[in-house]
Amino acid sequence: LEAAVRRYGLDDVCDRLGVTAESTRKLAEACELGGLTGRVSDVFGSTSDLPRLGGDGIRALASAGMEIGFHTVHHPILPRLTDGQIDAALTEGRSTLEQEAGVPVETFAYPHGLATPAVARRVAAAGYRAAVTNRSFVVGPMSDPFLLGRWDPRSSDEDLFARSLALRLNRPGKGPQLTD
C-alpha cells in the first residue's frame, strides 16, 4: 500500500480502491476495516519487487541483541479467522524465520495490531512467550503478556520523540479492556 501511494499518490490510490482517506495511515485503516487488504495487490500488483531484509540482515540484527519476533506471512486480521486459520497463520513461516535468525522466535506482533483474548490464547498455545497489540497503554507487572501495548512514535524528530516519550512514561494508565 505504501509503495502504491509513493508511486501513484494518495488521491489516485484512494480512487482506485474506492475509499476516502486523508493519509496513508487512514487509508490502511480503511482497507483493513473494509476488508480491502487483498484487493490492494489485485489493483496494484505484487510487492515482490520491493527490497526485503535477507537472512544476513536478520542474523545481524539477532547477533546485535535485537529481539526477532513473528508477524505472520500473509498479515491477516486474526480475529476474523477460524481457530484453524489462526493456528496456521501463527506457525506458517515461523520455522523459516528461526532458521534465518539463528535464534528461537518467541514473540509475536499481531497483524494490524488487532487481537482479542481468544486470539491471544491461540498465540500462547502456539508457544510464544509474549505478543503485542497496537494499543498504546502502559505495561506493568500485571499486564497480560499476550495483549501487551506498544507505542509507535511515528516521528524521526528527536526532540518531539523525547518529549512524547517522557509524557508517555510519566502518564498513569491501565491495560486494555478487551472482549472476545
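Residues numbered from 1 in each chain as written. Predicted model: local features only at pLDDT ≥ 70, side-chain atom pairs only at ≥ 80, totals over all residues. Heavy atoms only, no water.

## Topic: unusual backbone geometry
With a phi close to 80 degrees, T72 is a non-glycine residue in the positive phi region. Looking at the element boundaries, T72 is found in the loop between α5 (55-63) and α6 (83-91). Residue H112 is not a glycine yet carries a positive backbone phi of 65 degrees. Counting through the fold element by element, H112 comes out in the loop between β1 (107-109) and α8 (117-125). The exposure class assigned to H112 is buried, which follows from its relative accessible area of 12%. (Helix = DSSP H or I, 4+ residues; strand = E, 2+ residues; numbered from the N terminus. Buried < 20%, exposed > 50% of the residue type's maximum accessible area, 1.4 Å probe, protein only.)

## Description of the nonpolar core
Among the nonpolar cores identified, the biggest contains 21 residues, and F108, Y110 and V123 are the most heavily contacted of them. Counting residues per element, the ones that place at least two in this core are α5, α6, α7 (94-101) and α8. When sequence neighbours within four positions are dropped, the list of residues in contact with F108 reads F70, H71, T72, L78, L90, V123, Y128, A130, A131 and V132. Counting 13 residues, the second-largest nonpolar core is a separate cluster that includes V5, L10, L17 and L36. (Core = buried A, V, L, I, M, F, W, Y, C linked by side-chain atoms within 4.5 Å. Contact = heavy atoms within 4.5 Å.)

Note that every value here comes from positions in space, so none of it alone points to a role or purpose.
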